[in-house]
Every structure is written in structure tokens, then in C-alpha cells.
Amino acid sequence: MRRCYTVEDMRQWLADNNAYKFGKTKTVGFVPTMGYLHDGHMSLLEQSKQDNDLTVLSIFVNPLQFGPSEDFERYPRDEERDLRLAELCGVDAVFLPSVEVMYPHKPLTTVRVSAIADVLCGASRPGHFDGVATVVSKLLHIVSPDRAYFGMKDAQQVAVLTQMTADLNLDTAIVRCPTLREEDGLALSSRNVYLTPEERDQATVLYASLQTLQQSLKEQRLSVAQAEQLLAASLREAPLAIIEYAEVRTFPRFGQPSPHSCMQDIIQQGTTLLAALAVKFGTTRLIDNMVYAPDRE
Ligand code: AMP
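To keep things clear, this report deals only with the structure shown in the data block. None of the values given here were measured: they were computed from a predicted structure.

1. Regarding the overall build of the protein chain
Phase 1: Along its length, the protein chain carries 11 helices and 9 strands.
Phase 2: Compactness check: the protein chain gives a C-alpha radius of gyration of 20 Å against a globular reference of 19 Å for 297 residues, within 12% of the reference.
Phase 3: For the protein chain, the spread of C-alpha atoms along the three principal axes comes to 60 × 40 × 40 Å.
Phase 4: Looking at the 297 residues of the protein chain, the share that counts as buried comes to 53%.
Phase 5: A separation of at least 24 residues holds for 74% of the contacts in the protein chain among residues at least 6 apart in sequence.
Phase 6: By element, 49% of the accessible surface of the protein chain is carried by carbon and sulfur atoms, the whole surface being about 14,100 Å².
Phase 7: The averaged location of the 38 negative side-chain charges in the protein chain is 3 Å from the averaged location of its 29 positive side-chain charges.

Printed below as a string of C-alpha cells:
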């Protein structure tokens, strides 16, 4: 497994492997991460390995997507462990740029995806998706992969990046991958290590609420407003949960459906809906979501 620390290294490795730009003979799958790898990241890498000749992983904690009072400094990092896991997984190359490599000077050019990026996590974390879109756009230009893999745990991120690649005619397909969970339903996340044992116990409430909604939708007609109330009520069963948002949105545009319309009717008419949650336990912010698609029973 090749470790690349600079843009030139990365591109040279791709060129040496007939996987860079025009005339290349190998397909490249790319999995961008912030490291501290878990099975969710591994599932993206496995999917990439299945679909492509070569798989490139990047590990970069991107300062641009953290707000001033967020956890950039203390974000968990363990490069040696990540590299061991990547090697075991059969990753072909890892791109490990420093902040100086990615941002030798403060960029004057940033990528901003409007509308989708302004609601939910975009509203509570101003500038977050500009940081994500900017760094992913840079990474896609550096690696020029055929496919890039993203987890649906970050559904809004997937939507923002799919829109970005379409709007900018980027030659990379964005592949959505399902959310991997612990046995008790908690979505895997690098940030789960921040949780105290008590918070960790109660954090199962996110997925439990989404499942409660899913079950209720099978049993009774629910308006969007009722669904949101049901989500909030189930989340409140965990005394430590501080709700940031619990909303139903259209997917992938993240529009707000009319609160009085019936969720089942909207879905039946062909619109995919998504229930999205952001909940804080102490200083740890967790997100989760569930998609309700037209063809779903
Ligand atoms: P991160 O390192 O948190 O930036 O995540 C890197 C990629 O892994 C993103 O595309 C995430 O959506 C994805 N990811 C994170 N957690 C999970 C999970 N539990 N299941 C599937 N993918 C995930």
C-alpha cells in the first residue's frame, strides 16, 4: 500500500498505475475520510474494491468544515492504526495530506452549494458544507477517480456533493452507501468515542426514534407535522438528549414538505422523504436519518 503525502506523489502513483486521466486503463474508486477508521469507513472501502481496479483512501481532518467553537483540535486521530486497517483491507494507496499541502494559503476560491447546504446541519453549522464541498472538490481534482463513495449516515453531505458534481460537470460518480450500525442500532461514527457510558447507553434513542416512526407509518396515516412530533417525543425519552433538529424533508433536495400533508401520500406520489435527526449528548453531536422511498413497503 502506497502512502502519498503530497499532491504530486498522489498523481505520480496514479500515473505509474495507468490510472490518471486520459488514456488510463484502470478504474479508481475513492473514499475520502477524516480518519479514525471504523467499520462504516471499511464498508465504503469494500464497495470501492468490488467496483474498481484500484482503491484510494484519503485521511484528512479538514479545518475548513469545522466552526470556530467545534472539535477540530480534539477530533480523534490515530494515523498508524488507520494505516494498518487500510492495509489489511487491501487499499492500494492512501493520500495523507497535511493542512499545508491542502491549503498552502487561505483559498480565495471556495465551493458553495446553495439551498441544500443551508438547512438542517447547514443551518446549525454555518459554513460547514462550504468546507466539505471545497475540500471534496479539491480531492476529486487531485485523484480524478471514476467513483467516490459516501455514507448515507451523512445524507445531506451526499446530496450536497451529488449536486456539486452535477453542477460542475465533475467526471466522478458519487456512490451512496448504507449506514453501518452497532448491534443496538447506534450509527458508527468516529465521534462516538466522546460519549460517556451513560450517554452511550442513551444514544440508541436516535435510531429507536427513526424505527418508531417507520413502524407508525406502517400502522397509521401520519402528517409531516405529526411525524416530527413523534420523533421529538421518542427522542425526549432519553433524558440526556438535547434535540437540535428532528425534521422530515424531501430527499435529495431537502425541501420542506407541507406540514399538514400526509407522509404516505407524498411518498406514494413518488417523492422520497427523509427523517433527519441531530441530537447532542453533552458536547457530542450525533446525527442519523432514515429514508422513506416510494418503492418501500
Ligand atoms: P468521516 O470520516 O466521518 O468524514 O466519514 C467519511 C465517510 O464515511 C463519509 O462518507 C461518511 O458518510 C462515511 N461514514 C461515516 N460513518 C458511517 C457509517 N456508520 N456507515 C457508513 N458510512 C459512514
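2. Describing the site of the ligand
Phase 1: M34, H41, D154, L180 and L188 are the nearest of the 17 residues found near the ligand.
Phase 2: Contact between the ligand and H41: an oxygen atom at 2.9 Å from a side-chain N or O atom of the residue.
Phase 3: A distance of 3.0 Å is found between an oxygen atom of the ligand and a backbone nitrogen or oxygen belonging to G151.
Phase 4: Protein contacts shield 93% of the accessible area of the ligand, which totals 490 Å² for the unbound molecule.
Phase 5: When its residues are assigned to classes, the shell around the ligand shows 8 nonpolar, 7 polar and 2 charged.

What counts and how
- Just so you know, the residues in each chain are numbered from 1, in the order the chain's sequence is written.
- The predicted origin of the model limits local features to residues at a pLDDT of at least 70 and limits the giving and counting of side-chain atom pairs to 80 or more, whereas totals for whole chains, interfaces and linings rest on all residues.
- Only hydrogens and water are set aside; all other atoms, that is, all heavy atoms of the structure, feed into the side-chain values.
- In this text, helices come from DSSP runs of H or I with a minimum length of four residues, and strands from runs of E with a minimum of two, each type numbered from the N-terminal end.
- Radius of gyration: C-alpha atoms only; globule rule: 2.2 Å multiplied by the number of residues to the exponent 0.38.
- Relative accessibility under 20% of the residue-type maximum defines a buried residue, over 50% an exposed one, and the middle range a partly exposed one, all with a 1.4 Å probe and only protein chains included.
- Whether two residues touch is decided by their heavy atoms; if any such pair falls within 4.5 Å, the residues are in contact.
- Surface accessibility in these figures is a Shrake-Rupley result with a 1.4 Å probe; residues are shielded only by whichever protein chains are displayed.
- Just so you know, the count uses Lys and Arg for positive and Asp and Glu for negative, and it drops His and the chain ends.
- A charge is said to be at NZ when it belongs to Lys, at CZ for Arg, at CG for Asp and at CD for Glu.
- A molecule or strand has a residue near it when one of that residue's heavy atoms lies within 4 Å.
- Counted as a polar contact is a pair of N or O atoms within 3.5 Å, where, for protein atoms, one must be capable of donating a hydrogen and the other of accepting one, and residues adjacent in sequence contribute only when both atoms are in side chains.
- Note on residue categories: nonpolar means Ala, Val, Leu, Ile, Met, Phe, Trp, Tyr, Cys or Pro, charged means Asp, Glu, Lys or Arg, and polar means any other residue, Gly included.

All we've got here are geometric facts, nothing functional implied.
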